[in-house]
Amino acid sequence: MRLHVSHITKSYGNKAILSDCSCVFGKPGTYVLMGPNGCGKSTFLRICALLEQQDSGEIAYFDDSSALVKDITLKRRITLVLPRTGVFNTTVFQNVAYGLRIRGLDRPVIKKKIDAALDFVGLAPKAGQHGRTLSSGETQRLGIARALVLEPEVLFLDEPTASIDEENTCIIESIIGSLKKEGRSTIIMTTHDRDQAKRVGDVLLVMKNGRMEGLDLQ
Amino acid sequence: MNSILSGFTRAFELIFHLNAELFGIILLSLKVSGSALVIATVLGLPFGALLGLKRFPGRDLAISIVNTLMGLPPVVVGLFVYLILSRKGALGFLGLLYSPSAMVIAQSVLAIPIITALCHSAIVNVDPLIRQASRTLGATPGQETLAIIHEARYGIISAIVAAFGRVMAEVGAILIVGGNIAGYTRVMTTTIALETDKGNFELALALGVILLLLSFVVNAVLHAVQRKGMVPSP
């Protein structure tokens, strides 16, 4: 895995969110981006996940040296889990199936992958339940299952435990721990909880005022 | 009072004895309104989706115009369609006036704003997180649009059902452009108007009962669709 972010800037109106932000994610592992609220962590993640376009600067993924990556094939190798999961108006199973269906996978393959993903996040017994009846912690796990089922090479997690209870926070941290052990994806996540960052991260990055200020290798 | 009661009795006799004239009228009503609904859906749904999904100059004005057109008086629509289809009108050469096609056009004009406005409303009310979710899961722009339309599906079905209710009950426009010709352009609502004028309440009441039944079915479908779209209690 290689993600090279160089000299990214982003403003909303007159407000600069990211200014000359650079970083290299070279080795596989779990990177945790920390910083106070409003420092630009989420914007950085959304730009890295190709959900938003930077004003200037370059992003290069894998061995692709193109400056502006818009290719859908590349987009499908990475996935972002947002702090609030948008749940489709259907069952938990169908929610997880969405990403696989748009990739044109066969039904038996989809079923097998979904069963495994739901089992991984502990939602297997709720597969047939309506997605919008889940608790906020379960909803966040649904968001993670929806991303994991796609087996992304890079998994972005934006404040995955920001608005959920302690029990679900523990479950999500243990899911991240299991993912680390499996080593299938590189994880890049944001949090403002330093203790959590230490618990789950291999590399801690600190962001301040829209810039990458430091790198804290454990 | 007696005439109303005897009217109802005769009406049910007509319905249950499968009166040929009555069923011809019902069939034509369904054909005209069904065709108008298909045309209005084919045109109104994409336009409603465009208004709901895209930002472009003049969008707000377009939304205001569509919302205003929802309340179009049928007789005004009938008048305009009449003028366009009449011999000296822009489409007079087609010779459509006083034909079922003219009635379909008039009803389509009435239904398009309803479907457009209600579809726009259904789509614009879809949680913005749905668009982001589909994008983060690797959807192409086209798949993203389909995901949003799919989320709005219950609202869209409600829009179509509401438009059907409106065109089925409409009388002013089709009377002007169709002419209420027996066996050719005579539909339920125009027949009720005509037979009431003539004092022939039996057929008018029979058709009134059927219109009410159709209205009931339409509303029952609408209610079922809305219930299906509701998130169940945890």
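Residues numbered from 1 in each chain as written. Chains lettered and ligands numbered in written order. Predicted model: local features only at pLDDT ≥ 70, side-chain atom pairs only at ≥ 80, totals over all residues.

Peer 1: Give a detailed account of the overall build of chain A, specifying residues and quantitative values.
Peer 2: Within chain A, the regular secondary structure consists of 7 helices and 9 strands. Its C-alpha atoms give chain A a radius of gyration of 17 Å, within 12% of the compact-globule value 17 Å for 218 residues. In terms of overall dimensions, chain A has a C-alpha envelope of 45 × 35 × 35 Å along the principal axes. Per-residue burial over chain A gives 44% buried out of 218 residues. (Helix = DSSP H or I, 4+ residues; strand = E, 2+ residues; numbered from the N terminus. Rg over C-alpha atoms; globule rule 2.2 N^0.38 Å. Buried ≥ 20, exposed ≤ 12 C-beta atoms within 10 Å, placed from the backbone.)

Peer 1: Before we move on, could you go through helix H10 (residues 188–198) of chain B and cite the residues and values that matter?
Peer 2: Residues and elements named next belong to chain B. Among all positions in H10, only Met-188, Thr-189, Thr-190, Thr-191 and Ile-192 are buried. Turning to H10, the residues buried within the fold contact helix H2 (20–53), helix H9 (172–178) and helix H11 (201–229). Residue Gly-199 follows H10 closely and has a positive phi angle near 85 degrees. (Contact = placed C-beta atoms within 7 Å.)

Peer 1: Account for the interface of chain A and chain B, naming residues and giving values.
Peer 2: Across the contact, 22 residues belong to chain A and 16 residues belong to chain B. Contributing elements (two or more residues each) for the side of chain A that touches chain B: helix H2 (72–75), strand E5 (78–81) and helix H3 (92–101) of chain A. A per-class count over the side of chain A that touches chain B returns 9 nonpolar, 7 polar and 6 charged. (Nonpolar A, V, L, I, M, F, W, Y, C, P; charged D, E, K, R; others polar.)

Peer 1: Before we move on, can you summarise the environment of Gln196(A) with the specific residues and values?
Peer 2: Within the secondary structure, Gln196(A) sits in helix H7 (residues 194–200). The class of Gln196(A) is partly exposed, set by 19 C-beta atoms lying within 10 Å.

Peer 1: An account of the packing of helix H5 (residues 136–148) of chain A against helix H6 (residues 166–182) of chain A is needed here, citing residue identities and associated values.
Peer 2: Residues and elements named next belong to chain A. Interaxial distance between H5 and H6 falls to 9 Å at its minimum, and their mutual angle equals 15 degrees. In this view, H5 runs roughly parallel relative to H6, as classed from their interaxial angle. By crossing handedness, the relation of H5 to H6 is classed as right-handed. From H5, Gly-137, Gln-140, Arg-141 and Ile-144 reach across to H6, where they touch Glu-167, Asn-168, Ile-171, Ile-172 and Ile-175. Taken together, the residues of the contact of H5 with H6 break down into 4 nonpolar, 3 polar and 2 charged. (Axes fitted to C-alpha atoms, helices over the stretch in contact; angles between N-to-C directions. Parallel < 35°, antiparallel > 145°, perpendicular 65-115°, else oblique. Left-handed = near helix turned anticlockwise from the far one by under 90°.)

Peer 1: Which residues make up the nonpolar core, and what values go with them?
Peer 2: If you look at the biggest cluster of nonpolar residues, it comprises 124 residues, and the most contacted ones within it are Ala145(A), Phe156(A), Ala106(B), Ala111(B), Ile115(B), Ala163(B) and Val177(B). Once you skip the residues sitting within four places of it in the chain, Val177(B) turns out to touch Gly78(B), Val81(B), Tyr82(B), Leu85(B), Leu97(B), Ala102(B), Met103(B) and Ala106(B). (Core = buried A, V, L, I, M, F, W, Y, C linked by C-beta atoms within 7 Å.)

Peer 1: How would you summarise H6(A) if you had to cite specific residues and measurements?
Peer 2: Residue and element names in this part refer to chain A. Given a rise of 1.5 Å per residue, 17 residues ought to cover 24 Å, and the 24 Å separating the end C-alpha atoms of H6 matches this to within 8%. Residues of H6 that are buried make contact with strand E3 (30–34), helix H4 (107–121), H5, strand E7 (186–191) and H7. Note on H6: the residue one or two positions beyond its end, Gly-183, has a positive phi of about 65 degrees. (Expected span 1.5 Å × (residues − 1).)

Peer 1: Which residues make up the packing of H2(B) against helix H5 (residues 100–124) of chain B, and what values go with them?
Peer 2: Residues and elements named next belong to chain B. Following both chains from N to C, one finds H2 and H5 inclined at 35 degrees, their axes separated by 6 Å at the closest point. The hand of the H2/H5 crossing is right-handed. Considering only residue class, the contact of H2 with H5 consists of 22 nonpolar, 10 polar and no charged.

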